[in-house]
Amino acid sequence: MKIDHKKEPIIRISKRVGIQFWKSWLIRLAAIALSLCVCALLIFALSGLNPIKVFGTMAKGVFGTQRKLMNWVRDTSVLLCIAVGLAPAFKMRFWNIGAEGQMLVGGIAAAACMIHLGNLGMPNVVLLLIMASASIIAGGVWGVIPAISKAYLNTNETLFTLMMNYIAMQFLLFFTPIWEHPAGSNKVGIINSVTKVGWLSEDQKLATPLIMLFIVLIVTVLMFAYLKYSKQGYEIAVVGESQRTAKYAAINVKNVVVRSMTISGAICGLAGFLSVAGADHTISEDTAGGRGFIAIIVAWLAKFNTFVMILIAALIVFLDKGAIALASEYSNYNLTNDVADIITGIILFFILGSEFFINYKIKFHLGKGKEEIA
Amino acid sequence: MTQLISILTTAVTFGTVIMYGALGEILTEKSGNLNLGVPGIMYLGGISGLIGAYLYETGVGAANALPVVGMIIAIVCALAGSMLGGLIFSFLTITLRTNQNVTGLTLTIISAGIANYFGGTLSKMAGGVGQISVAATSSAFRWTQSLTDGWGEFDTLFFNYGFMTYLAIVIAIVLSIFINRTTKGLNLRAVGENPATADAAGINVTRYKYLATCIGAGISGLGGLYYVMDYIKGTWANDGNIEALGWLAVALVIFATWKSLRGIWSAYLFGALCWLYYYIPGLTRSTQELFKMLPYVATIAVLLFVSFRKRKEDQPPASLGLSYFREER
C-alpha cells in the first residue's frame, strides 16, 4: 500500500517513556532561561532599563544586607512549609486549593492563644507549644472537612477547599475588631509587643528566621521520608495513580483520603503558626496573602519531591522580593510592585509549559521521508 | 418597602458582575476545562476596556468624546483582552496539557499584576490615584431608559440599570439554548463529559475546547468591564475587588449547578446574600463579617446537596479538570 505523505500531520506527538534525569532538567533550565529573556524584554519595554542591570538590582535587593537575606530565608520557609503540606494531598490527586484557608485558621488559632493565654505567666516554651498545637489542630480540621465529604459523598474537592478559604477569611475579619489594637484601627496590631510572650524569638534579625528555617527543614525531611519510605506514603501514591488499583489492593481509599488531608491541613496550619509567632506577630488579611495559591504551584512544579520544593520556593520568593526592590529603586521608571506578579507569572507559565516537552516527544514531518525529532 | 427595593437593586447590579463571570465559566467548564483564572480574566476584561476608553477619550479630548464610540471601543478591547487570557490558558492546558488548576491560578496571578500595573500607570498619567475617569464612555454604559415612566417602585426595580444588566440575561438565555438545544451544544457537552468518546464520534475535541474556553473568557471578561464602567462608574481602584468577585463567580457556577438559566436568579441571590448584612439592624463590625460568609456557605451547602442527591443533571461535567490526550486511554 502506498502511503500518502501529504496527508500525514506535520507535527506528531507521542508520549515519552522515561526520560533521562539530566535531559528533563536541561529542558527545565532552558525554559527558565527563555522566560528570563521574555521578562528582560518586558522590563525593557516598560521602563527602557538595561535588563542585566535590573537583574543585578534584584539580586542586590534580596541578598544585599543580612536583614534582607534573612527576610528571604523567612519568607521562603513559610512558602516551603505550605508547599510541603500540600505534597501528600497532591500526590494523592486530591486538589487541595484550600492551603490559604488552612494556613489562615492556623494563624488565627496561634493569635488567639497569644492574646488570651499570653498574660497567664506560663513559660514561653509552653505557650509556643500550645500555640503550635492549636494551629496544627485548626489547620487539620479545616483540611479534613472537605476530605470527609470527598471520601463519603465524592464532592468536588477543588471547589470545596476553595470555598473554605473564604470562610476562613471571614472568620479572621470577624475576630479582627474583637482583637483590634489600638482601638479603631481595624488591625490586630503587634501582639504582646512589650512582653514579647509567644514570640518565636526576641531576636528578629537572625534567630527567628533561622529557627523557622530549621523547623520547616525538619518537616521537609520528614515528609520526604514519609512519602517515599512509609507504608502510608505508598498508599498515597497508589491512590493517586488509580483509585481502582488501590481498592483492588485492599487499601481503604476513604481512610487514606481523610488521613492524608488531615496531615496536609495540619502542616498548612503550622505555616500559619510560623507566620504569626515568627514572622509577623500579628494577623491580618496579608498573613496568607495568596501564598496558599503560590504554594500549589510550587508543590506541583516540584512533582511532590519536597527537596525540589526548596529550590522552587526560594526562586519564587527571590523573584517576588527582587521585583519589589526593583520597583522601589526605579519608581520613576514606571515600575511598580505589580511587576513582581507579572514576572512570577511569566516564569511559572514557562516552567509549566516545559513539562509538556518532558512528558511528550514531538516529531516534525517535513515533506517526504524527512523526519526531525525534537 | 424602600429598603426592600434598595436591597433588590443592589443585588441585581452586584449580581450582574458575577453573573458574567459565571456564564463564561459555565461555557468553559462544559468543555471540561476548569479555568480557575476567571478572576484574572475579569481583571483583563476590565483593564482592557478601561485602557481602550481612556486612550479614545484623551485622544479626541474629553469634550469631543462620543459616549457610544467609547462604549464600542471599550467592549471590543475588553473582549480582545479577556479572550487573549483565555487563549493563553487554552494553549497551555489543551495543547501543552498542563495542569488546569495550576495554570488557572497562575493566570490569575499574572493578570492581577497586569491589570493593577496598567491601572496604576493610567492613574499616574491621569494625575494621581483615583484621578482616572472615562466619564463619557461610562455614561453610555449607565444610560437608562424607562419603559414604565412614573410607575414608581416598579420602575426603579426593573428599568434602573445600564444595558449590560439586560445583556447578561440575554447571554444566559442564548447560552442555555445553545448548550441544550443545538447539535453544537450537544457536541460540546460530549467533549466535557467524555472527550475520548466524542473524539471517536468525529468531534474535533481540540477545537471545541479552544472555542469554548476563549469565548467563555470573553463573556467572563465582560463582567470585569461591567464592574469598571457601570459599577464603579468608569474609574479604577487597585483594591482587589475584581479578584474577590471572580472567586464568587467560580462559586456561582457550582451554585447554579452548571446551568446558565439557573445562573440568573442565583447571581441575584448571591448579590443579595453579599449585601444582606447592610440591611440587618444591630450588627457590629464583627458580626457583619459572619454574614458576608453566606454566599460561600450556601455554595458549600449546594455542593454537598448535589453530591448527596446524585442527580445526573446536577453533576459537573465528568472530565472537568482533566487534560485529554488521544493516545492515552
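Before any of the text, the structure's been laid out above.
Since this is a predicted model, take the numbers as computed values, not measurements. (Residues numbered from 1 in each chain as written. Chains lettered and ligands numbered in written order. Predicted model: local features only at pLDDT ≥ 70, side-chain atom pairs only at ≥ 80, totals over all residues. Heavy atoms only, no water.)

> Quick one: what's the story with the overall build of chain A, residue by residue and with numbers?
When you go through chain A residue by residue, the secondary structure sums to 13 helices and three strands. Expected size for 374 residues packed as a compact globule is a radius of gyration near 21 Å; at 23 Å, chain A falls within 12% of this value. By its C-alpha atoms, chain A is 90 × 60 × 35 Å across when sized along the principal axes. Buried residues in chain A amount to 55% of all 374 residues. If you sum the accessible surface of chain A, you get close to 17100 Å²; carbon and sulfur atoms cover 65% of it. For chain A, the separation between the mean place of its 32 positive charges and that of its 20 negative charges on side chains is 11 Å. (Helix = DSSP H or I, 4+ residues; strand = E, 2+ residues; numbered from the N terminus. Rg over C-alpha atoms; globule rule 2.2 N^0.38 Å. Buried < 20%, exposed > 50% of the residue type's maximum accessible area, 1.4 Å probe, protein only. Areas by Shrake-Rupley, 256 points an atom, 1.4 Å probe, with all protein chains shown as cover. Lys, Arg positive; Asp, Glu negative; His and termini not counted. Charge placed at Lys NZ, Arg CZ, Asp CG, Glu CD.)

> Talk me through the overall build of chain B; I want residue IDs and the actual numbers.
Summing up its helical and strand segments, chain B has 14 helices and zero strands in all. Secondary structure elements of chain B occur, N-terminal to C-terminal, as α-α-α-α-α-α-α-α-α-α-α-α-α-α. The globule rule puts the C-alpha radius of gyration for 329 residues at 20 Å, and the 20 Å found for chain B is close to it. Over its C-alpha atoms, taken along the principal directions, chain B stretches across nearly 60 × 45 × 40 Å. Taken over 329 residues, chain B has a buried fraction of 57%. When the accessible surface of chain B is summed, it comes to about 13300 Å², and 66% of that surface belongs to carbon and sulfur atoms. Seen as two clouds, the 20 positive and the 16 negative side-chain charges of chain B have centres 8 Å apart.

> Just give me the short version of the interface of chain A and chain B, but keep the residues and values in it.
With 49 residues of chain A in contact, the opposing surface of chain B contributes 48 residues. Counting each side, the surface lost to burial between chain A and chain B is near 4500 Å², with a carbon and sulfur contribution of 75%. Where chain A touches chain B, the interface holds one salt bridge. Of all the secondary structure elements, the ones that give two or more residues to the side of chain A that touches chain B are strand 1 (11-15), helix 5 (124-153), helix 6 (157-179), helix 11 (291-301) and helix 13 (338-359) of chain A. The biggest single contributor to the side of chain A that touches chain B is helix 6 of chain A, with 14 residues. Residue classes in the side of chain A that touches chain B are distributed as 32 nonpolar, 13 polar and four charged. (Contact = heavy atoms within 4.5 Å. Buried area = accessible area lost by both parts, 1.4 Å probe. Salt bridge = Lys/Arg side-chain N within 4 Å of Asp/Glu carboxyl O. Nonpolar A, V, L, I, M, F, W, Y, C, P; charged D, E, K, R; others polar.)

> Can you explain the packing of helix 2 (residues 38-60) of chain B against helix 10 (residues 205-231) of chain B? Please cite residues and give values.
All names here are of chain B. Close contact between helix 2 and helix 10 brings their axes to 7 Å; oriented N to C, the two are set at 55 degrees. With respect to helix 10, the axis of helix 2 lies oblique. In this structure, the crossing between helix 2 and helix 10 has a hand that is right-handed. Here V38, I41, M42, G45, G46, G49, L50 and A53 of helix 2 lie close against helix 10, whose contacting residues are A217, S220, G221, G223, G224, L225, V228 and M229. (Axes fitted to C-alpha atoms, helices over the stretch in contact; angles between N-to-C directions. Parallel < 35°, antiparallel > 145°, perpendicular 65-115°, else oblique. Left-handed = near helix turned anticlockwise from the far one by under 90°.)

> Describe the packing of helix 2 (residues 51-63) of chain A against helix 3 (residues 66-91) of chain A, with residues and values.
All names here are of chain A. Running from N to C, helix 2 and helix 3 cross one another at 85 degrees; their axes reach a closest spacing of 6 Å. Considering the angle they form, helix 2 stands roughly perpendicular to helix 3. For the pair helix 2 and helix 3, the contacting residues are K60, G61, V62 and F63 in the first and K68, L69 and W72 in the second. Residue classes in the contact of helix 2 with helix 3 are distributed as four nonpolar, one polar and two charged.

> So what about unusual backbone geometry? Which residues, and what values?
Excluding glycine, residues mostly have negative phi values, and the peptide bonds linking residues are mostly trans. Note the cis peptide between A:H181 and A:P182, where omega equals -5 degrees. Looking at the secondary structure, you find A:P182 in the loop between helix 6 and helix 7 (207-229). Unusually for a residue other than glycine, A:K196 sits at a positive phi of about 55 degrees. In this structure, A:K196 sits in the loop between helix 6 and helix 7. Using a relative accessible area of 27% as the deciding quantity, one classes A:K196 as partly exposed. Unlike most non-glycine residues, B:R97 shows phi in positive territory, near 55 degrees.

> Break down the environment of A:F356 for me, with residues and values.
Take A:F356: it is sitting in helix 13. Taking the C-alpha atoms as reference points, A:F356 and A:R16, 340 residues apart in sequence, are found 10.0 Å from one another. With residues up to four places along the chain from it excluded, the contact list for A:F356 reads A:I13, A:I362, B:T95, B:L96 and B:R97.

> If you had to explain helix 5 of chain A to someone new, which residues and values would you point to?
Given 3.6 residues per helical turn, the α-helix brings residues three or four places apart onto the same face. Residue and element names in this part refer to chain A. When the terminal C-alpha atoms of helix 5 are compared, their 43 Å separation across 30 residues agrees well with the 44 Å that a helix rising 1.5 Å per residue should span. At V144, helix 5 shows its largest kink, close to 25 degrees, and the proline P146 lies no more than four residues downstream. Trailing helix 5 by a residue or two, N154 shows a phi angle of about 55 degrees, which is positive. (Expected span 1.5 Å × (residues − 1). Bend = angle between axes of the 7 residues up to and from the residue.)

> Go over the pattern of salt bridges, please, and point to the residues and values.
All names here are of chain A. Per the stated rule, a full pass over the model turns up nine salt bridges over all chains. Where K231 meets E235, a salt bridge forms, and the shortest distance between an N and an O atom there is 3.8 Å. With K231 and E235 both in helix 8 (residues 231-241) and four residues apart, this pair spans about one turn of that helix. R259 serves as the salt-bridge partner of E235, at 2.8 Å between the closest nitrogen and oxygen.

> Go over the nonpolar core, please, and point to the residues and values.
With 211 residues, the main nonpolar core has A:I82, A:M131, A:F273, A:V298, A:M309, B:L50 and B:W236 as its most contacted residues. With 14 residues, helix 10 (residues 253-280) of chain A is the single largest residue contributor to this core. Not counting chain neighbours up to four residues away, the residues in contact with A:M131 comprise A:A110, A:C113, A:M114, A:G198, A:F273 and A:A277. (Core = buried A, V, L, I, M, F, W, Y, C linked by side-chain atoms within 4.5 Å.)

> Any details on helix 1 (residues 21-47) of chain A? Residues and values, ideally.
All names here are of chain A. Taking 1.5 Å of rise per residue, the 27 residues of helix 1 would be expected to cover 39 Å, and the 39 Å separating its terminal C-alpha atoms lies within 8% of that figure. Listed in full, the buried residues belonging to helix 1 are S24, I27, R28, A31, S35, C39, A40, I43 and S47. Backbone geometry just after helix 1 places G48 at a positive phi near 75 degrees.

> Can you tell me about the side chain of B:S266, naming the residues and giving the values?
All names here are of chain B. Looking at the element boundaries, S266 is found in helix 12 (residues 260-275). Since its relative accessible area comes to 0%, S266 is described here as buried. Not counting the four nearest positions on each side in its chain, S266 is found in contact with L252, F255 and A256.

> Before we move on, could you go through the environment of A:F63 and cite the residues and values that matter?
All names here are of chain A. Along the chain, F63 falls in helix 2. With 255 residues separating them along the chain, F63 and F318 place their C-alpha atoms 9.1 Å apart. For F63, the contacting residues outside a window of four places in its chain are L69, W72 and F318.

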